[in-house]
Amino acid sequence: NSFVTRTNTCGELRAAHVGQKVTLYGWVQYQRQGLFLVLRDFQGLTQVIIPQDEAHSHVKELLSNAPLESVVRVTGTVSPRPQGQENPKMPTGDIEVKAETAEILNSCKKLPFEIKDFIKKSEVLRMQYRYLDLRSSRLQWALRLRSRVVMRMREYLCNLHGFVDVETPTLFKRTPGGAKEFLVPSREAGKFYSLPQSPQQFKQLLMVGGLDRYFQVARCYRDEGSRPDRQPEFTQIDIEMSFVDQAGIQRLIEGLLQHSWPEERGSIVTPFPSMTYEEALAEYGTDKPDTRFGMKIMDISDVLRGSNIHFVQNALSYPHGSIRAICIPQGVRYLTNKDLGSLKESVKSQFNQEIMEIICRPDGSLKSLLTKFLCEKEQSELIQALNLQEGDVVLLAAGEHKQVCSALGALRLLSASLLEAAGLALRDPTAFHFLWVVDFPLFLPKAENPTELESAHHPFTAPHPSDVSLLYSDPTKVRSQHYDLVLNGNEVGGGSIRIHSAEQQRFVLEKVLKEDSEVLSHLIEALEFGAPPHGGIALGLDRLISLIVDAPSIRDVIAFPKSFRGRDLMGNAPDYVTPEELEPYHIQVSWPLEEKEAKKN
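Structural notes, computed from the coordinates. Counting of residues starts from 1 at the beginning of each chain's written sequence and follows it residue by residue. For this predicted model, a pLDDT threshold of at least 70 governs which residues receive local features, and a threshold of 80 or more governs which side-chain atom pairs are given and counted, while totals over whole chains, interfaces and linings are taken from all residues. Hydrogens and water molecules were not included; the side-chain quantities draw on all heavy atoms of the structure.

Notes on helix α13 (residues 401-421)
Phase 1 of the analysis: Labels follow the DSSP assignment, with helices taken as runs of H or I lasting at least four residues and strands as runs of E lasting at least two, numbered in each case from the N terminus. Expected span of a helix: the number of residues minus one, times 1.5 Å. Helix length check: α13, at 21 residues, gives a terminal C-alpha distance of 30 Å against a target of 30 Å (1.5 Å per residue), a fit within 8%.
Phase 2 of the analysis: In the segment just after α13, glycine 423 is the residue with positive phi, at about 110 degrees.

Right, dumping it as structure tokens:
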């Protein structure tokens, strides 16, 4: 209550305050028949008794007629609630304030939706009236928790470990590779700035500059469509250190998260487990495994190798062919034939992967199109390899290793959602399973042209020390010093040890990635002036907080997010500008024909 004219907030009055005269400010949340109202502010609720005597008739008229969500000031005396009328669900439920004077500071017009958490509102409406949605206790809690976490992170990094908080430029130039960047026109004809997708180059240059330890709560930008876990503008906790290795970065982040973790979400155990990229793909079919539940992918190639099944032998004849499966516990009980059909159709359309099902009957025998091709011994070995129990359903895939694993990884998550929808508790929403994924490939084939390579992380990532020689002979086999932090199947952080040799950086850009190194000449030149070994990481703050508070989307932990299509529905941005405003930037808009006609009309 410092610096303001209220004596108390609406959430702090208790029985100990009985008899005190108080002044409260807040919004009218509820009003009943001119007898009492509930006043709300950021901290809670207080019941205010509306006076009924003639001497206070003006106060009664004022408060009885105040529309919901109007802002009012109330002065009165704290009294105990009558016996039997206490509300144990409210922290202020033992008291009420008997109003003596009141003032409506601002009346509220008819609301587009009720300010109650349990009232369902369309996301479009919530975004259009975001300032009203922000009044909900759910959003208030999420934003205040976010603020506390960031404050604790600053404390850990700056006060305890000597990091320097540095703001880096928002207007820069295009970076080769990676996500698409927003362009900003300049007054020099044909020249554009770029909004950085991360402060990557600047934090490396700060290490060259000898700052040793840098951090920033950084605003970043990507010109790509929004998804539930993506926004065109987002925030990351950006970190870089000199003279550090992968283990040092991992220890720092584990300590940072442990220090800043909200008490109300339990505690987290360190060190976090670690898994290689190859292990993650082989066991979970993804580089961001959700380890809260089992149903791991199992390799049954050896079990079926001797069979006469044509598609099995065909798959195993390829260099990277394998037969793999997941076992859905009690699948017969929880999944319908329609569910199984939709699972198979899903991976058929997404991965072009056929799936074969096997059901374990009550008598322990197998029901499948495969069984007529398998002898009793082979069936027994299959039951043993998959540890099958009565009522289990197995989904089997054969083909190229990576495709098979990716398809089964998607099936694993889809099956988990179906099992949970049918009533089986599988993924504990209150559990937080962190995991480091390491030893990623340094390069991957480009999707549009598999004969060319692109960086799996970014072009500044250093090769694994054991694989440096392969960089020059067979770059496709090089592992990187790139590490991702995964939480409950979501990537919440990613980083790497960087290339600090100008010669190696130039080779990667020019010879491996076939990029024009001139675009990065400033960085390459900086590496020639005694650049220290360095590495870092960025934590996706929006995604991390959304997981901590169990929000369905990162939009629920951002004060003013963009819509699914990247628009600000409240302020109607982006918006048109006039040709006169564009003239200093030497830009003319070429309108599509249908928009030209629409503007005419």
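A few points about the environment of glutamate 518
Phase 1 of the analysis: For glutamate 518, the location among the structural elements is in the loop between α15 (502-512) and α16 (521-527).
Phase 2 of the analysis: Note: C-alpha distance between glutamate 518 and arginine 506 (twelve residues apart in sequence) is 9.5 Å.

Some details on the pattern of salt bridges
Phase 1 of the analysis: Any Lys or Arg side-chain nitrogen located within 4 Å of an Asp or Glu carboxyl oxygen qualifies as a salt bridge. Applying the stated criterion across every chain, the model contains 34 salt bridges.
Phase 2 of the analysis: For the salt bridge of glutamate 114 with lysine 116, the shortest nitrogen-to-oxygen distance reads 3.2 Å.
Phase 3 of the analysis: Between glutamate 155 and arginine 152 there is a salt bridge, with its nearest N and O atoms 3.0 Å apart. Placement of both glutamate 155 and arginine 152 in helix α4 (residues 137-160) is noted, with a separation of three residues, approximately one turn of the helix.
Phase 4 of the analysis: Relative accessibility under 20% of the residue-type maximum defines a buried residue, over 50% an exposed one, and the middle range a partly exposed one, all with a 1.4 Å probe and only protein chains included. Assessed through its relative accessible area of 29%, glutamate 155 is described here as partly exposed.
Phase 5 of the analysis: Among the charged side chains, a salt-bridge network with shared partners connects Arg126, Arg130, Asp133 and Asp556.

Let's talk about unusual backbone geometry
Phase 1 of the analysis: Cis geometry marks the peptide bond from threonine 270 to proline 271, where omega comes out at -5 degrees.
Phase 2 of the analysis: Here proline 271 shows up in the loop between α6 (246-260) and β11 (274-276).
Phase 3 of the analysis: In this structure, proline 574 follows alanine 573 across a cis peptide bond, with omega equal to 0 degrees.
Phase 4 of the analysis: Within the secondary structure, proline 574 sits in the loop between α17 (541-548) and α18 (579-582).
Phase 5 of the analysis: Positive phi is not limited to glycine here, since methionine 295 has a value of about 55 degrees.
Phase 6 of the analysis: Not every positive phi belongs to a glycine, and aspartate 439 is a case in point at roughly 60 degrees.

Looking at the packing of aromatic side chains
The relative placement of two aromatic rings is captured by the distance of their centres and the angle of their planes.
Phase 1 of the analysis: Stacked, tilted and edge-to-face are the three classes assigned to paired rings of Phe, Tyr and Trp, where Trp is represented by its six-membered ring and a pair needs centres within 6.5 Å; plane angles under 30 degrees give stacked, over 60 edge-to-face, the rest tilted. Taken as a whole and judged by the stated rule, the model has ten aromatic pairs.
Phase 2 of the analysis: With 5.0 Å between their ring centres and 80 degrees between their planes, tryptophan 261 and phenylalanine 432 make a pair best called edge-to-face. Taken together, the residues tryptophan 261 in the loop between α6 and β11 and phenylalanine 432 in the loop between α13 and β17 (434-438) connect sequence positions 171 residues apart.
Phase 3 of the analysis: An aromatic cluster of three or more residues is present, and its members are Trp261, Phe272, Phe432 and Phe434.
Phase 4 of the analysis: Note that arginine 412 overlies the ring of phenylalanine 293, its terminal NZ or CZ placed 3.8 Å from the centroid. Remark: a charge is flagged as sitting over a ring if the NZ atom of Lys or the CZ atom of Arg is within 6 Å of the ring centre and within 35 degrees of the ring normal.

Concerning the sheet that holds strand β13 (residues 321-328)
Phase 1 of the analysis: Strand order in this open sheet of five strands is β12-β13-β16-β14-β15, and the pairing throughout is antiparallel. Bordering the open sheet on either side are β12 (298-299) and β15 (366-367), each of which pairs with just one other strand. Any two strands with at least two DSSP-identified bridges between them are counted as paired.

Comments concerning the pairing of strand β5 (residues 95-106)
Phase 1 of the analysis: Two strands pair when backbone bridges link them, and strand β3 (residues 44-49) and β5 are joined in this way by two bridges, in the parallel orientation. The partner of isoleucine 49 across the bridge, within β5, is lysine 98.
Phase 2 of the analysis: As paired elements, strand β4 (residues 71-80) and β5 share ten bridges and run antiparallel to each other. Bridging across to β5, threonine 77 finds its partner in lysine 98.

Function cannot be inferred from these measures alone, as they are strictly geometric.
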